[in-house]
Amino acid sequence: MKSKRQRFEEGFTLIEAVIAVFILSLGSYLIYLGGHRLYKGFNDLKDRNLFITEAAQCNNLLKTSLNDIRFPYWAPSLSINSSVDEVTLQYLDGDKDSTLSMSFTENGFQILIDEENFIIYKTLSNGYIAPIINDKTITGLNVVFISEKENEYECKALFGGIPIVNMDDYE
Amino acid sequence: MKLRKRDQKNNKYTEGYVLLEALISIIILSIFMSSIAGLYSSMTKNTIKAETAFAEYLNTYNENIDSRKFLFYEE
């Protein structure tokens, strides 16, 4: 009978080596699966956090920017469909030539102030813009951002000034 | 259960207990993995908290806007 020492010095048989390789590859695959899921989970969390941060920032900017829109009493009423991707508003700071545009593009939600200054929120690429209507007059905008999990965040903002006279009645 | 002792040689790296070392490494790995799981769950909780807080803030603000009355004409 072989001694214990002799057995250790002989090395591994082919079957032992194959079994060892199989166990190692199984372990590696499990580690890969776990690591992949963890990486995906952390990435998902990062995206969700970025979405909330950008939505909150955009919400503040919308409220400030729309507050600067002041329609004079002679301006005609705005006409915006129930849900659109793009809106251009005149009378930024009461000036007819100054405009404020906002649109949902493939690159994200874009706010363009006066065709020079613009900001793009990359994660807010999905959503729509709807008017807030009071007594047949549009008093503000409701910008809805839709997250990847289909959660809707409604950011409502009112204009700083709205027409006092309804032009339809005035004519 | 009897711990199997490694083949005795005059080399200090081959001495010791195999099972004990395996158990210790498994315990260390478990602690490491549970700390990562704890970190992940706390991050998820924080994200859900932030999402809920933002949604609640928007709801309150929107209710305020909806309840506002506009007087377009002089009565």
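In the block above lies the structure referred to throughout.
None of these values were measured; they are calculated from a predicted model. Every chain's residues receive numbers from 1 upward, in the order its sequence appears when written. Written order decides the labels, with chains lettered from A and ligands numbered from 1. Restriction of local features to residues with pLDDT of at least 70 applies here, the model being predicted, together with a cutoff of 80 or more for giving and counting side-chain atom pairs; totals for whole chains, interfaces and linings are based on all residues.

A. Layout of the nonpolar core. Here a nonpolar core is just a set of buried residues of the types Ala, Val, Leu, Ile, Met, Phe, Trp, Tyr and Cys, joined wherever their C-beta atoms sit within 7 Å. Between the buried cut of 20 or more and the exposed cut of 12 or fewer other C-beta atoms within 10 Å of a residue's own C-beta lies the partly exposed class, and all C-beta atoms are placed from the backbone. The biggest cluster of nonpolar side chains holds 24 residues, and the ones touching the most others in it are A55, C58 and C155 of chain A. Think of it this way: any DSSP run of H or I at least four residues long counts as a helix, any run of E at least two long counts as a strand, and we number them from the N terminus. Those elements giving two or more residues to this core turn out to be α2 (14-67), β2 (100-105), β6 (137-146) and β7 (152-158) of chain A. With residues up to four places along the chain from it excluded, the contact list for C155 of chain A reads C58, N59, L62, V143 and F145 of chain A together with L58 of chain B. Any pair of residues counts as being in contact when their C-beta atoms, constructed from backbone geometry, are within 7 Å of one another.

B. Expanded view of the sheet that holds strand β4 (residues 117-121) of chain A. Residue and element names in this part refer to chain A. Two strands pair under a simple rule: DSSP has to find at least two bridges between them. In space, the four strands of this open sheet follow the order β1-β2-β3-β4, with antiparallel pairing throughout. Unpaired on one side and paired on the other, β1 (86-89) and β4 mark the two borders of the sheet. Here the average twist between neighbouring strands, direction ignored, is 10°. In terms of strand pairing, strand β3 (residues 108-113) meets β4 through five bridges, oriented antiparallel. Its bridge partner lying in β4, I113 is registered against N117. Helix axes use the C-alpha atoms of the stretch in contact, all axes being lines fitted to C-alpha atoms, and the angles between their N-to-C directions lie in the range 0 to 180 degrees. Helix-sheet contacts for α2 involve β2, β3 and β4, and the interaxial angle to β3 is about 25°.

C. Quick peek at unusual backbone geometry. All names here are of chain A. A positive phi angle, close to 65°, is found at E150, a residue other than glycine. Relative to the assigned elements, E150 resides in the loop between β6 and β7. Residue E150 is classed as exposed on the basis of its 7 C-beta neighbours within 10 Å.

D. Geometry of the interface of chain B and chain A. The interface of chain B with chain A comprises 15 residues on the first partner and 21 residues on the second. Among the residues forming the side of chain B that touches chain A, the class breakdown is 10 nonpolar, three polar and two charged. Residues are grouped as follows: Ala, Val, Leu, Ile, Met, Phe, Trp, Tyr, Cys and Pro are nonpolar; Asp, Glu, Lys and Arg are charged; every other residue, Gly included, is polar.

E. Just the sheet that holds strand β5 (residues 127-134) of chain A, in detail. All names here are of chain A. Taken together, three strands build an open sheet; the order of strands is β5-β6-β7 and the sheet is antiparallel. A strand with exactly one partner marks an edge of an open sheet, and here the two such strands are β5 and β7. Each strand of the sheet is rotated relative to its neighbour by a mean of 25°, with strand direction disregarded. Across seven bridges, the pairing between β6 and β7 is antiparallel. Bridging across to β7, G140 finds its partner in L158. Here α2 sits on the sheet in contact with β6 and β7, set at roughly 20° to β7.

F. Spotlight on the packing of α2 of chain A against helix α1 (residues 18-66) of chain B. Running from N to C, α2 of chain A and α1 of chain B point in directions that differ by 25°, and their axes come no closer than 10 Å. Relative to α1 of chain B, the element α2 of chain A lies roughly parallel. The handedness of the crossing between α2 of chain A and α1 of chain B is left-handed. Side by side, α2 of chain A and α1 of chain B meet where G41, L45, R48, N49, I52, A55 and A56 of chain A of the first sit next to Y40, M43, T44, T47, A50, E51 and F54 of chain B of the second. Taken together, the residues of the contact of α2 of chain A with α1 of chain B break down into eight nonpolar, four polar and two charged. The scheme is simple: roughly parallel for angles under 35 degrees, roughly antiparallel for over 145, roughly perpendicular for 65 to 115, oblique for anything else. Here a crossing is called left-handed whenever its near helix is offset anticlockwise from the far helix by less than a right angle, and right-handed whenever the offset is clockwise.

G. Representation of α2 of chain A. For a helix, the expected span equals 1.5 Å multiplied by the residue count minus one. With 54 residues, α2 of chain A ought to run about 80 Å at 1.5 Å a step, and its terminal C-alpha atoms sit 78 Å apart, in line with that. For α2 of chain A, the full list of buried residues reads R48, F51, I52, A55, C58, N59, L62 and L66 of chain A. On the buried face of α2 of chain A, the contacting elements are β3, β4, β6 and β7 of chain A together with α1 of chain B.

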